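Here are the chains, one letter per residue:
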Amino acid sequence: MSELPPTTSVKRWLVTTNHKDIGILYTITALFFLLFGGVLALLIRVQLWDPMNQILSGLAYNEAVTAHGLIMVFWFLSPFAFGFANYFVPLQIGADDLAFPRLNALSYWMYLFSGVLLSISFFQGGTLSAGWTIYAPLNIPAYTPSIGSTGAILALAMFTIGVTASSVNFLVSIHHSRAEGMGIMDMPMFTWTILATVWMMLFAFAALLAAGLILASDRVLGSVYFSATEGGSLLWGHLFWFFGHPEVYIVFFPALGAMLELFQTFSGRRLVGRKWVIIAICLVSVQSFLVWMHHMFLTTINLEIKTLMMATTIGISLPFDLIVFSLIYTLIKGRIQFTTPFLFAFGALLLFILGGITGVFLGAIVLDYEFRGTYWVVAHFHYVMFGGATALIGAAYYWFPKITGKMYDELLGKIHFVLFFIGFNAVYFSMFLGWETPRRVFEYNPELQIYHQFGTIGAFVLGFSFFIMFYNFAKSYVSGEPAGDNPWDYSRTAEWAISSPPPLQNWPNRPSYASGKLEFVKDYVPDRGPAVKTDANGNGATDGGDTHSEHIKEYPYWDKHPSHASIWPLTLSFAVGVLFLGLTGFRDNVVFEVGESLASTSVTISNPVYPILIVVGLVGLVWTGVKWSLEDFYAPPTEFAERWPFEGVEKVKLGMWFFIASDVIVFGAFLSAAIFVRYNAGWMTWEPLAEPLPGLINTFVLLTSSFTVILALVAARRKSRQGLLASLGATIVLGFTFLGIKLWEWNKEIFERGVTISANAHGDPIQASIYYVTTGLHGIHVVIGLVIAIFLFVRAYQGHYLEDERPIEYFGLYWHFVDIVWVFIFPLFYLF
Amino acid sequence: MIDPIILQQGSDWRAQAEVFDEIFFVFLALGTLVGTIVVAYTLWNVFKYRDDGSEPKEDFDAPIVGELPTGQGGPKAKKLFLSFGLSAIVVISLVVYAYGLLLYVEEGPDTSDAGNIEITVEGYQFGWEYIYPNGYSTRGEMIVPADQRIDLNVTSRDVWHNFGSSELRIKSDAIPGEYSSTWFSVSSEDVEAQGGEATYRVECFELCGAGHSAMTGQITVLPQDEWEEWYAGTQGENTSSVDSAGAGNASSVDNAVIRGAPA
Ligand code: HEM
Ligand SMILES: [Cu+2]
Ligand SMILES: [Cu+2]
């Protein structure tokens, strides 16, 4: 554990794990990507000025459109929102930090380096040009051959990993660290929307990760999923939109949260029908996973499914109705102050209303048949997504005084709003008028030119307005008026109860809502021992064993100071970035010539840079991973917290469960892909490729290893070092046995039967791809499990885990999960 | 905008364009109405309840920092549900109404005579090939008769495209390995109105590569007899004259065809 340097030092920003610092990093990085995406947008608009004259080639235009979409949706919108979420969710719930500060830093650095990868991809023969929806089979190397295309996809995969880590972190934090007395229904609305967002993220991004991994496998390893005519294109459609529809709410919800906060603060009213708004938010989160095929109405899905999707689509618009009306009624009888933040939030509502109404048009299938693939869709989703983001700009003004301690310039803020609002509607409303233009086309029908020219002018106004904001923030940061702790008349949430900017530890004393409002309680902290809650009379309260004895056992480091600095999140992400960069050029530079046997297989390496990067990245990954695990980093648990519905689950365990839940979706997507393709190919036309017997043996091996992991836990509980080592050792041996049999099987398939990842002497090549990729994904899980097991074994040998056996237990959860997945894989690939 | 056309054959055929225009009109009218009411109401209230610096009313209960949220019910909540219910009724009835017409569009008009023409449309980078029932095929330009139902089976040879004509309001995904379908028909009045030969612009509505923008084509509708004459002349031939330039520069050929034609 290292000390946290002061904010003026660059080193501070490299090692910090404090949620407020990371929030700032997110916000600034996201604004950079806003500029990046914005420049691309202006390029697009310039190209659209004239339907005949072009400044960009067709390919360059497609790259601009693709990168613009990817950057705005992934690298700007969500990270911008999560900058605020990082900063303010812990404050709003009365926590000291997020549950896993290092993991939080890791998420940020993954985000940053994935953005770097994306930027590099422009110089690797051109970035991806298949649109942000990356439809198949345009997304495979046959049609988008540049290394940069692979780079963009791997960047997205890396981003997704960061998002998953972040979702787990926020889920555990919000469910586990709410101050005493703050029930889940009492959370501020911004926190509520973030909670709903991360729940959706956990599952939606897992689907995207699966899609991205399959695509990466097609591009890097040579599998043939998306070129398969047995439903390959549709497979991408389903995977992408299963993620894609929830994604639109994922980007919208934080903005909605900002709207809900700002409407209350600047009208002095409390939210109308608060409970119902929360219910609506939860409903939408669940429903968002049930509408994805409304993006595929024109594919070959049948009428029954279309009808169902139409119904669910309309169903999901209804909770939004309620939310919109609640926002409007909240203002009534208020004392509305037209500050810049309110103007933006209010503008966002107006834009969202228009976006929502035009969405209902799209939900009516007959209209969608015509709107699909046109600027109507483009206009619709800019009104809802960017319209939503408008509220986040309001949030930036709203929280600027808290973060910097300085007040922004109100006049400049208002000018920004006016230009923004005019520019916005000029760009996007003109798209409704010229809606017959196909998307991503620049040689459009000349009759529509007037709308596009209007839009281009609007785009420049819109772009310019942001420079006013940047100037305003920069100037105010340097020489603004001191803002005071609470510059707003009617704020309610806890971040306004502390100084601006808040101190590192957030709170003067432990925040508590036990009395019905926020109070800072002075806990009596004995010299050595956990905090003891004192009641009004100063007596130590005994509310169940939970607080005392349990905590001493659970948290053996209770007397330590919380840590705020670690370099390993940065280095680990960097290693992953290097690894992924190496992978981008793998296929172009490393060629395998499959011979008679493994020995006669030749490898030709044309450019050693890429393979070297892979090796360096891998080594770095393992090394930093070990360093990370050995680091003495202490993130104190929240001692008195509201935890419904996860009382009694320790935080790391809870995190593990969330992670496994998302991994279930990843595997679910891989298995669904296998089933979907096989169904399209004709189920009975495929015979299992591999022989059942080795598979059966492997099933027994894995199940036995699940058993030995349980034995390891029992041994650790009994404080038997011998037993622990023996059973862990047995687990490792069984794991290697499994891998050995697996490799033997693959070896046989490849060299005796001529079945490789892209060719199949006995049938469909796609069948071979699915077999290798699915069992390979499982194999990678086994390898990761073995790495952890070996680490645990070494530590156990050194005498650890007898006092605190939780690492063994959590490893066990993971290992059981991997085994259960095999139970699903086995019949699908070996029996039927 | 709504004038249900009755096609020549005397049945109550309605082109997809007609159906679309009707629904679009209804949605636009109601959408504008609802949108205007909601926005106007909101703007009015925001203006009315602005903080003008006067003393707060008695019933104004300012929130304080650190309070736990309260006050979920009250008269406003009733109003909330009333407006919610109303809007839900509007939305649901709109969609139910549109669904009825969807069923029509899906089925297509009922044609007892066997005169339907089925054409396979195959997208490729970057153009369209049309394969007629007799095996003859053209690129860039699809030539069909008036007053007849044309059924399209749309697929792709390489990547995902989307075949569509904004003027005819038809659209269908062209996906490798899949066949999706749509239909259209143009009345002979429309053909006459365009001077004996109606042409409609075809565009690609799904990003498909560097030439996506230029992936246009054309549907030409001829009067029945003229078409039959043309079609008879194609018997036995396998490729169109347009195609003779070869597949390699097919897209430039297509463009030449289109550029010359009024859209
Ligand atoms: C009021 C409820 C809404 C309805 C009924 C609705 C309906 C639809 C439908 C049917 C489509 C598919 C259009 C097509 O591709 O043919 C669509 C596209 C889209 N919607 Fe919505 N939507 C609603 C709200 C939202 C919200 C709140 C967001 C985001 C904040 C959003 C973002 C998008 C995006 C990004 C796309 C297009 C994605 C793409 O093709 O690139 N929508 N919407
Ligand atoms: Cu959607
Ligand atoms: Cu295209």
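Residues numbered from 1 in each chain as written. Chains lettered and ligands numbered in written order. Predicted model: local features only at pLDDT ≥ 70, side-chain atom pairs only at ≥ 80, totals over all residues. Heavy atoms only, no water.

### Some details on the overall build of chain B
So, point 1. When helices and strands are tallied, chain B shows five helices and 10 strands.
So, point 2. Put simply, chain B has 263 residues, and 52% of those count as buried.
So, point 3. For chain B, restricting intrachain contacts to residue pairs at least 6 apart in sequence, the fraction spanning at least 24 positions comes to 67%.
So, point 4. Taken as a whole, chain B presents about 11,700 Å² of accessible surface, with 57% of it coming from carbon and sulfur. (Helix = DSSP H or I, 4+ residues; strand = E, 2+ residues; numbered from the N terminus. Buried < 20%, exposed > 50% of the residue type's maximum accessible area, 1.4 Å probe, protein only. Contact = heavy atoms within 4.5 Å. Areas by Shrake-Rupley, 256 points an atom, 1.4 Å probe, with all protein chains shown as cover.)

### Focus: the coordination of the copper ion (ligand 3)
All names here are of chain B.
So, point 1. Donor atoms from the polypeptide that coordinate the copper ion (ligand 3) comprise Cys204 (SG), Glu206 (O), Cys208 (SG) and His212 (ND1), at 2.1 to 2.6 Å from the metal.
So, point 2. Classification of the site at the copper ion (ligand 3) rests on its four donor atoms, whose angles at the metal span 85 to 133 degrees, yielding the label irregular.
So, point 3. Donor residues for the copper ion (ligand 3) sit on one chain with the sequence pattern C-x1-E-x1-C-x3-H.
So, point 4. Judged by its relative accessible area of 4%, glutamate 206 is buried. (Donors = N, O, S within 2.8 Å, 3.2 Å for Na, K, Ca; no water. Tetrahedral: all angles 85-135°; square planar, octahedral: opposite > 155°, others 65-115°.)

### A look at the interface of chain A and chain B
So, point 1. Taken together, the contacts link 95 residues of chain A with 86 residues of chain B.
So, point 2. Taking both sides of the interface into account, the surface hidden between chain A and chain B amounts to around 8,200 Å²; carbon and sulfur atoms contribute 67%.
So, point 3. On inspection of chain A and its partner chain B, the count reaches eight salt bridges.
So, point 4. Across the salt bridge formed by aspartate 61 of chain B and arginine 270 of chain A, the nearest N and O atoms sit 3.3 Å from each other.
So, point 5. Applying the counting rule to chain A against chain B returns 28 residue pairs in polar contact (both at pLDDT 80 or more).
So, point 6. When residues in the side of chain A that touches chain B are grouped by element, the largest group, 15 residues, is from helix α9 (residues 303-331) of chain A.
So, point 7. Considering only residue class, the side of chain A that touches chain B consists of 51 nonpolar, 27 polar and 17 charged. (Buried area = accessible area lost by both parts, 1.4 Å probe. Salt bridge = Lys/Arg side-chain N within 4 Å of Asp/Glu carboxyl O. Polar contact = N/O pair within 3.5 Å; in protein donor to acceptor, adjacent residues only side chain to side chain. Nonpolar A, V, L, I, M, F, W, Y, C, P; charged D, E, K, R; others polar.)

### Concerning the UniProt feature "transmembrane region" (unreviewed entry) in chain B
Residue and element names in this part refer to chain B.
So, point 1. Look at the UniProt record and you will see "transmembrane region" (unreviewed entry) annotated at residues 23-44 and 80-105.
So, point 2. End C-alpha atoms of residues 23-44 are separated by 31 Å, and the span's content is 100% helix alongside 0% strand.
So, point 3. Each end of residues 80-105 is marked by a C-alpha atom, and these two atoms are 37 Å apart; helix forms 100% of the span and strand 0%. (UniProt positions renumbered as here; feature names shortened; annotations may be inferred.)

### Looking at the coordination of the iron atom of ligand 1
All names here are of chain A.
So, point 1. Inspection of the coordination sphere of the iron atom of ligand 1 shows a single protein donor, His380 (NE2), at 2.1 Å.
So, point 2. In this structure, the iron atom of ligand 1 lies 4.8 Å from the copper ion (ligand 2).
So, point 3. Assignment of secondary structure puts histidine 380 in helix α12 (residues 375-404).

### Details of the site of ligand 1
Residue and element names in this part refer to chain A.
So, point 1. Taken together, 24 residues form the shell around ligand 1, and within it Trp132, Asp368, His380, Phe381 and Arg439 come nearest.
So, point 2. The contact in question runs from an oxygen atom of ligand 1 to an N or O atom on the side chain of arginine 439, over 2.8 Å.
So, point 3. Only α7 (232-267), α9, α10 (340-363) and α12 provide two or more residues apiece to the shell around ligand 1.
So, point 4. With six residues, α10 is the largest single contributor of residues to the shell around ligand 1.
So, point 5. Its residues assigned to classes, the shell around ligand 1 comprises 12 nonpolar, nine polar and three charged. (Near = heavy atom within 4 Å.)

### Quick notes on the environment of phenylalanine 832 of chain A
Residue and element names in this part refer to chain A.
So, point 1. Position of phenylalanine 832 relative to the elements: it lies in the segment after α23 (806-831).
So, point 2. Residue classification places phenylalanine 832 among the exposed positions, given a relative accessible area of 57%.
So, point 3. When residues no more than four places from it in sequence are discounted, the contact partners of phenylalanine 832 are Arg678, Pro688 and Pro827.

### Points about the packing of helix α19 (residues 651-681) of chain A against α23 of chain A
Two quantities define a packed helix pair, namely the angle between the axes and the distance from one axis to the other.
Residue and element names in this part refer to chain A.
So, point 1. Where α19 meets α23, the closest approach of the two axes is 10 Å, and the angle between their N-to-C directions is 10 degrees. Classified by the angle between their axes, α19 and α23 sit roughly parallel to one another.
So, point 2. Of the residues assigned to the contact of α19 with α23, the class counts are 19 nonpolar, no polar and four charged. (Axes fitted to C-alpha atoms, helices over the stretch in contact; angles between N-to-C directions. Parallel < 35°, antiparallel > 145°, perpendicular 65-115°, else oblique.)

### A look at unusual backbone geometry
So, point 1. With an omega dihedral of 0 degrees, the bond running from alanine 136 of chain A to proline 137 of chain A counts as a cis peptide bond.
So, point 2. Tracing the backbone through its elements, the reader meets proline 137 of chain A in the loop between α4 (101-121) and α5 (147-176).
So, point 3. The step from glutamine 125 of chain B to phenylalanine 126 of chain B runs through a cis peptide bond, and the omega angle for that step is 5 degrees.
So, point 4. Counting through the fold element by element, phenylalanine 126 of chain B comes out in the loop between β1 (117-124) and β2 (127-131).
So, point 5. Positive phi is not limited to glycine here, since asparagine 506 of chain A has a value of about 70 degrees.
So, point 6. Locating asparagine 506 of chain A in the fold gives a position in the loop between α14 (449-479) and β2 (510-512).
So, point 7. With phi around 55 degrees, arginine 169 of chain B is a residue other than glycine that occupies positive phi space.

### A word on the sheet that holds strand β6 (residues 161-165) of chain B
All names here are of chain B.
So, point 1. Pairing is mixed in the open sheet, where five strands are placed in the order β4-β10-β9-β6-β7. Every interior strand has two partners, whereas the edge strands, β4 (141-145) and β7 (170-174), have only one. When strand polarity is set aside, the average angle formed by the axes of neighbouring strands in this sheet is 20 degrees.
So, point 2. The pairing of β6 with strand β9 (residues 198-204) spans two bridges and is classified as antiparallel. (Pairing = 2+ DSSP bridges.)

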